[in-house]
Amino acid sequence: MKKLILTLFIPLLFVSCGDDFTNLGPLTERNVNNFYKNETDFQLAIRGALDGLQSRETFDVNFVLFMEMRADNGANGGGATGLAASLEQLDTFTDLPSGEEISATYNAVYNVIAGTNNIIARIDDATFDSEAVRDQIKGEAYFIRSLLYYHMAVIFGNVPLQLDEVTTPDVEVTQVDATAIYNQIAIDLEMAENLLPETGRITKWAAAALLGRVHLANGNNSDAVAPLQRVIDSMQFDLVPDYADLWGAANEGNIESIFEIEFITGNVGEGSSYTDNYTPLGFGGVGGGGAPQNVTDDIIGAYEAGDERFDATIDTTDPANPWVRKFISSPAVSSDGDNNWVELRYAEVLLNLAEALGESDAAYDLIDEVRDRAGLGGVDRTPAGGTFDEKLLQERRVEFAFENKRWADLKRFGVAKSVMSAHLGIPESQVTLLFPIPQGAIDVSPDNMTQNPEHQ
Amino acid sequence: MRPLVNKMLRVASCYCLIGVFLFQFGNPSNVRAQLIASSSNSMQVNSYYPVQIYKNSIPELQSLISINKENALLKDVLKEIAKKTKLGIAYNSELQVLNEKVSVKFEKTRAADILEYVLLDTEFEAAISSTREILLIKRKTATDNKIVEIDISGVIRDAETGELLPTVSVFVKGTSIGVTSNMDGEFEITVPDDSEILVFRFVGYKELEIPITGNMTNLQIEMEPDLLIFEDVVVVGYGTQQREEVTGSVASISTEVLENIPVSSFENALQGRLAGVNVVEPTGEPGASPEITIRGGGSITASNGPLYVIDGVPLSRNSDLQVDIQSQRGSFQAPKSNAFSSLNPNDIESIDVLKDAASAAIYGSRGAGGVILVTTKKGNPDLNRVTVSMYGGASSVVNKPDMMNAEELIAYTKDARNNNYLQEIERGNQPDNPQYDPNTNAGRPDVANFLIPEQYVNWNGTDTDWLDVVLSSSAQQNYHVSASGGTDKATYFLSAGYLDQEGIIDGSSFSRYNFRANVSYDITDRIKVGSVTNAALSNHDRLPANAPYFGQPPGIIYSALVHSPVVSPYNEDGTINQLNNQSYLGGGTTTASNPLAIRDFISEEIKNNRLYGNIYGTVDINENITFKSLIGYDVDNYQSSFYRGTKFLYRNQTSPQPFAQSSGANGFNWLWENTVNFQKTYQDDHKLGFLAGYTAQKQTNEVNLVTANGFVDDQIPNVAGGIITGGGVNESEWALVSMLARLNYGYKGKYLGTFTIRSDRASRFGSDNQTGIFPSFSLGWRTTEEEFMKSLDIFNELKVRASYGVAGNFEIGNYSSISLLNSVNYPENGVLFPGSSLATLGDSELTWETSYQTNIGVDYALLSDRIYGSIDYYSTITKDLLLSVNVPPSTGFGSVLTNIGEVENKGFEFSITSRNMVGKFQWSTDFNFSTNENKVRKLGPNGDPILVSGAAGVRHITQIGSAVGSYYGYVVDRIYQNQAEIDADNNNAPGGDYDLLAADPRPGDFRFKDVNGDGVVNADDRTVLGSYQPDFIYGISNRFNYKNFDLRVFIQGVVGREVLNLTSRHLLNGEANFNAYAVLNDRWISENDPGNGKYPRADRSTGTHGNNNRVSSYQVQDGSYVSLKNVQFGYNLPVEKLNNFARKARIYVSATNLAIFTDYIGFNPEVNLQSSNSLTPGEDYGAYPLARTVQLGINLEF
């Protein structure tokens, strides 16, 4: 009997599987446990971060809503229901902390930032064949993180400054204001400028140009001079002679371009949405888009007579339905445009430097350099032409129309409330300078996160 | 049993010895007969039955055959007889007598008589061996004839009614000797003297065995109807139990209710049949999967479905092997094709549902949702039979909603535009216009939302019923053939089936071939082996019918619902109208594709091949201990192909966007299970059972996908015809290692106890937390075994049960505990390079979700089982919920799956079966009723509610104190009848504005409720509006039998369920952008014509006026219903009057979903668009309607 029972249990011994039997890792998905080891991993990781800049929640759609449509150049059509109604709310300062666009952007941006945090935290310990590549990727990670934090500071203002890798959900969240963010990314960008190469997808000049912009945003205009000057002194960039040649897929990577987010068409999920959102139905087969952008009468009226930028920017063939020409692509396919997003171009460096220098002949010269390309004469340097700020803001408005600069400009020049109040016919008190912090971000850390005062 | 086996063995070996002896000594005079057999098989022949004696008792000898031979050799004549009687033949060819010439001429004569005739002049007579061969034996002389035959005769009656029972099988146990009782219930049989037991077998009655004690005549046999439910065997995990000994909560259903219902899967047939088992048919698509929840859903993130164990092997639904349509939004994906339609309902013997943790805990980490144990049919020794069943049927839509016709829609549309325009004039946004005409566009400004579509101003008389256009009647057919039977040592059940079900939308269909082989063989007295094999090939032609009209692809049903009746489905040339339809009405109407274009130009085909089963062996170590080893396997393969053709135009697009997707998926699962079972009764009173086991299971899945576009024509309607644009591969696996044990103890059959424990180690959980332990116990007291109850004589069974147990849920992703990375791409100078972004944050502590379940119940039977049933109360608390908890987004992640939160389900279940009338006219009723209350007790670290975006924004809340996934929004109070009411509200509001979400409400608009009483309506006034969880569900089944007729009527219903009818966002919104539910004809028109008070005024711009279409109780509608689910009328053909062409033959007519009585205005009151997401249940955003099916069928048994 005993023997029998022993015989019986022998098969059981065979299946007494060791721990390995249930220690199974992903087979077709990379996972953090075995990633961040070598150069290839970091190439993948940095491209993952760059991909995050292409997403609908960042540069493809939502930054257009927050940085441009919010201001007085673009407008949502209005009268719509459903999704379009929430766009109208963003346009008219009636948006709520529960809005889907702000939370989508907030979450997506921090996801990309977390990717760059991991790169920065782990890259020094990884195996690299080339130290130059290590430096480049590290610099790129700093640059991407800074670019996104700049947008977070402009859009939301008071957000957590997460710079470390997250390995557990129990993270202490500390809200900081925009100044703290600008201070941090100014440091990061200097580091990035030192690490980055002179050529490549992100160059040291891109870091310097962005650093200049960040200093201006932070009110440290004098600090902005040096990095902007370094871009100019690099002699790598110049204005494209004809403003109209800045636009369209064929003109990408031109002499004026400092940093572009790349999109390609071909239905591989890498196309951009600018064409559909800025182009009316009937042009090229798509139109209206998921986040339709109309041209306001304001911006049409802002152009001086003879400004060559007008025709390159706005099509008024149908006076009732003007539309933005900058993002035409052909053939036009829904959400699959070939157009890159040009985030930094030389004209901005020139006007940023003018701003950093403050009213001076040097500054007027820089403005005139941009006006000259537009076929306009020099700016009126006398007080009769308005204040320096007015003239600079006006120039920026028409030069960078629909390039996501306007909302930050209005805020930086301190005129956001007055301009938007006049534009929308609403009281200034209703014009909020910061977007609401997404309700979800507050709900999950109620003790550490507070809503922006204007939205309380 | 054991003495009998011994005896048989003894007899068998005795005959063997005789055979050896004969061959050794060759002296026939020493024995009773000489076997005239070839030497090769003589050793195996161990008993035989002389024809003369047994001619009335062996069915083959009674078969009527015709034979006509002149001067033929005797052996040829014998062979001919053997062939015609389907008997074998064995003889020694050296026998002279075989070559003698005989002449025979018989017409339809009994085989026995012919055999006797041809051997009349010889010294031989015929006999039949136990292996059914004709033998020749030496004719016995009077002195040798020591064999004593026993004659038995008698009459058989129903024990209760005294009715005579014809066609009862009467046979000697373990032999082929048997007769059938005649129309008067009489039988006569001659049996060998060594026969021990006579068996009486009749369907619907308990098998009866009587010992043979010698000649027995005029036996009065009484057979008990087989309704004594408590003596049934119940399948429990890893074994079976007598119903009377079960102390957990187990519901069972037998094969007969599953048969003859036109469903592709047994799960549909379970609807309404079992208390506490909630079966929902969210869609009527052929081959789609119903959803089953047992005792409510305890889980939020993980699946709430039960574990399916088919013939002892836990099988996965493998829904991740079915790939989503890449162009479609996640929340609009069609429901998955049913994983268990691979199992033919006709092959099922019984289904047992383990409802409480005490019974389900033996399945440990997978038992929390209950366990459905399916047992397929086995061959029955001594009952060799062939069954054929087939039916054909026709289906049409049931519960079609009432939509507006052209005239109604025109009036409604004008009303909406006029109200909008007039209000804008009043608001000063438009100049007053003296030319205004409510029926034309004269003088109206060119604002789309003011304009009446031209085709409404000048209606050309077209009045299309779009639902009639897309819905048609459809056919279905089903065939099933099985052969089963066996011998003492071997049993077999073989079957083949074919089902072809067309959907009520042309082009959708489901067809299935399936094949089954269940066999077992006793190698020795102690070692037994067996195998179960199921192979199924199914083909699912699917259409996009479940999505909204703006899905990608758009839904056929929803596109038909919204389509205006004033447009024609076809162009004049007969082609599908895609350029002059709803999309081209203008005047601010919403665009939609022609549903016929969706139907004809978009296709999806899913092919599923599934092979599963097991191979097992058991060894009886001694009379108390059995060891069993089982290997189970499941190979599940899907191929699917989606194609959106070049002719299809999406809404108002004028150029097509062809797209194709092709995917293949393969899942392989293996299981090895070893169990030891010990059973012993001590001192007659203490019955002890012990089970211990060790199992390992592993599943590997591979899925790949290719997408293409750029098609120039439809010549090659799959990815091969276009430009490949993308693809991907996903592989994943899980593994589970478990140990389990169960102890059953019964004292005098009175006090019963069961204790189980299982430990599971699963790969899905964090490396630190992979092992879980799941104990349970249950106790029972059969009060009817107590003397004081016996004397009462009311109950013949009254068992009180109580149980407590712990079960788990591991239904989460395979790698949720590990931080994963996404694969992405980024272009550089136009060339794509791969990249990785952060996808999820893993929790290495992740572990089971654990359910603590308490059950108290009573099983009762009254009046000799005339009435029986169960009553149960249960309470289940699910803790450590696998919950996607929101984390600070600044971590880079939205949520992380972790163990937190608590959900409670409690409810009451009642079932009763009553045999209302017995005797010639029989009527019995089954009734079951169950309630379930689902409540969240704890959530997240701070208890924050979970608001989840479903298919149309945030409309669901999961919060403490409410049911999981409750509907959430504003509450409609009533309709403002006049401006004074609106002004009164505003005057009372603190800021002078009552409704902050309505810019300018007018009479006819909804007044929304100020829920928190602060004087204004704002976001704080959103509240719970109802839930998909029903208050109770019930089923009533009535069965009537009279002579050869039978009638079954099955009614099933749900009370207190609400549906989130998202179609009313469009079809009831008052904007008149497209067609509408006809109930809006009763809308508010004016204070004097306020309609029925439920529907607000028409207003094209309600969003900027009264905002009637906000997320509110207006879209939450009552989904209670009563369904006349199945009515079946059958007739058993009198086979004895039809030359006994079959053993049994039944023809029937059956109607399923005959009628649904409900207030729900859509098609299907239990629609559930996202059935896989428990946080957003009950959404109707266009679903494939249910069908009413009438079928005609026949079941034959040979």
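Residues numbered from 1 in each chain as written. Chains lettered and ligands numbered in written order. Predicted model: local features only at pLDDT ≥ 70, side-chain atom pairs only at ≥ 80, totals over all residues. Heavy atoms only, no water.

### Focus: the confidence of the model for chain B
Detailed conclusions should not be drawn from predicted coordinates in areas where pLDDT is low.
Residue and element names in this part refer to chain B.
Move 1: Put simply, chain B has an average pLDDT of 86, and 94% of its residues get 70 or more.
Move 2: In the model, residues 1-46 has pLDDT below 50 throughout and makes 55 contacts with residues more than four positions away in sequence or in other chains.
Move 3: Interface predicted TM-score (ipTM) for the complex: 0.90; the corresponding pTM is 0.78. (pLDDT = per-residue confidence, 0-100. Contact = heavy atoms within 4.5 Å.)

### Structural notes on the interface of chain B and chain A
Move 1: Listed by partner, the interface residues are 62 residues for chain B and 66 residues for chain A.
Move 2: Interface area, chain B with chain A, both sides summed: about 5,600 Å², of which 64% is carbon and sulfur.
Move 3: Linking chain B with chain A are two salt bridges, by the criterion used here.
Move 4: Notably, a salt bridge pairs Arg47(A) with Glu828(B), separated by 2.7 Å at the nearest N-O pair. (Buried area = accessible area lost by both parts, 1.4 Å probe. Salt bridge = Lys/Arg side-chain N within 4 Å of Asp/Glu carboxyl O.)

### Quick word on the packing of helix H4 (residues 62-69) of chain A against helix H7 (residues 131-155) of chain A
All names here are of chain A.
Move 1: Where H4 contacts H7, the two axes come as close as 11 Å, and the packing angle between them is 50°. Relative to H7, the element H4 is oriented oblique. Note on packing geometry: the crossing formed by H4 with H7 is left-handed. Along its contact with H4, which presents Phe63, Phe66 and Met67, the element H7 presents Leu148, Tyr150, His151, Val154 and Ile155.
Move 2: When its residues are assigned to classes, the contact of H4 with H7 shows seven nonpolar, one polar and no charged. (Axes fitted to C-alpha atoms, helices over the stretch in contact; angles between N-to-C directions. Helix = DSSP H or I, 4+ residues; strand = E, 2+ residues; numbered from the N terminus. Parallel < 35°, antiparallel > 145°, perpendicular 65-115°, else oblique. Left-handed = near helix turned anticlockwise from the far one by under 90°. Nonpolar A, V, L, I, M, F, W, Y, C, P; charged D, E, K, R; others polar.)

### A few points about the pattern of salt bridges
Residue and element names in this part refer to chain A.
Move 1: For the structure shown, the criterion picks out 84 salt bridges over all chains.
Move 2: Between arginine 396 and glutamate 355 there is a salt bridge; the shortest N-O distance is 3.7 Å. With arginine 396 in helix H16 (residues 388-399) and glutamate 355 in helix H14 (residues 346-357), this residue pair connects regions lying 41 residues apart in the sequence.
Move 3: By relative accessible area, which is 2% here, arginine 396 ends up buried. (Buried < 20%, exposed > 50% of the residue type's maximum accessible area, 1.4 Å probe, protein only.)

### A closer look at the side chain of Gln697(B)
Move 1: Structurally, Gln697(B) is set in strand E32 (residues 686-709).
Move 2: The class for Gln697(B) is buried, based on a relative accessible area of 1%.
Move 3: At 3.0 Å, the side chain of Gln697(B) forms a polar contact with the backbone oxygen of Pro314(B).
Move 4: Ignoring anything within four residues of it in the chain, the contact list for Gln697(B) reads Phe21(A), Pro314(B), Arg366(B), Asn669(B), Trp670(B), Leu671(B), Trp734(B), Ala735(B) and Leu736(B). (Polar contact = N/O pair within 3.5 Å; in protein donor to acceptor, adjacent residues only side chain to side chain.)

### Side note on H14(A)
All names here are of chain A.
Move 1: With twelve residues, H14 should reach 16 Å at 1.5 Å per residue; the first-to-last C-alpha distance of 16 Å fits that figure.
Move 2: Inspection of H14 places Tyr346, Ala347, Glu348, Val349, Leu350, Leu351, Asn352, Leu353, Ala354, Glu355 and Ala356 among the buried residues, and these make up the whole buried set.
Move 3: One or two residues past the end of H14 sits glycine 358, with phi positive at roughly 80°. (Expected span 1.5 Å × (residues − 1).)

### Things to note about the pairing of strand E22 (residues 348-354) of chain B
Residues and elements named next belong to chain B.
Move 1: Most of E22 is tucked away, with six of its seven residues classed as buried.
Move 2: Direction of pairing for strand E17 (residues 250-254) relative to E22: antiparallel, over a ladder of five bridges. Paired with valine 250 across the strands is leucine 354, a residue of E22. (Pairing = 2+ DSSP bridges.)

### Considering the sheet that holds strand E47 (residues 953-958) of chain B
Residues and elements named next belong to chain B.
Move 1: With antiparallel pairing, four strands are arranged side by side in an open sheet as E46-E47-E48-E51. Looking at the sheet topology across the chains shown, the edges are occupied by strand E46 (946-950) and strand E51 (1023-1026). Strand after strand, the sheet turns through a mean of 45° between neighbouring axes, direction not considered.

### Notes on empty space enclosed by the protein
Residues and elements named next belong to chain B.
Move 1: Summed over all chains, the structure comprises 16 cavities of 30 Å³ or more.
Move 2: Size it by volume and the largest cavity reaches roughly 430 Å³.
Move 3: Around the largest cavity, the lining is made up of 34 residues, and of these Pro262, Val263, Asn268, Glu281 and Gln501 lie nearest the centre.
Move 4: At the level of secondary structure, the elements contributing two or more residues to the lining of the largest cavity comprise helix H7 (266-269), strand E25 (474-486), strand E26 (490-502), strand E56 (1121-1132), strand E57 (1144-1158) and strand E59 (1187-1197).
Move 5: The residue inventory of the lining of the largest cavity, partitioned by class, reads 13 nonpolar, 16 polar and five charged.
Move 6: Of all the secondary-structure elements, those providing two or more residues to the lining of the second largest cavity are strand E29 (602-620) and strand E30 (625-644).
Move 7: Per-element tally for the lining of the second largest cavity: the top contributor is E30, with three residues.
Move 8: Each residue belonging to the lining of the second largest cavity can be placed in one class, and the counts come to 13 nonpolar, five polar and four charged. (1 Å grid on protein atoms, 1.4 Å probe; cavity = no way out; pocket = protein on both sides within 12 Å on 5 of 7 lines; lining within 4 Å. Points joined across faces, edges and corners; volume = space filled by probe spheres on them.)

### A closer look at the packing of helix H8 (residues 178-195) of chain A against helix H9 (residues 204-217) of chain A
All names here are of chain A.
Move 1: Put simply, H8 and H9 touch, their axes get as near as 8 Å, and they point 160° apart. Regarding the angle of H8 to H9, the classification is roughly antiparallel. Where H8 crosses over H9, the handedness of that crossing is left-handed. Contacts between H8 and H9 involve Tyr182, Ile185, Ala186, Leu189, Glu190, Ala192, Glu193 and Asn194 on the former and, on the latter, Lys204, Ala207, Ala208, Leu210, Leu211, Val214, His215 and Ala217.
Move 2: Broken down by class, the residue content of the contact of H8 with H9 amounts to eleven nonpolar, two polar and three charged.

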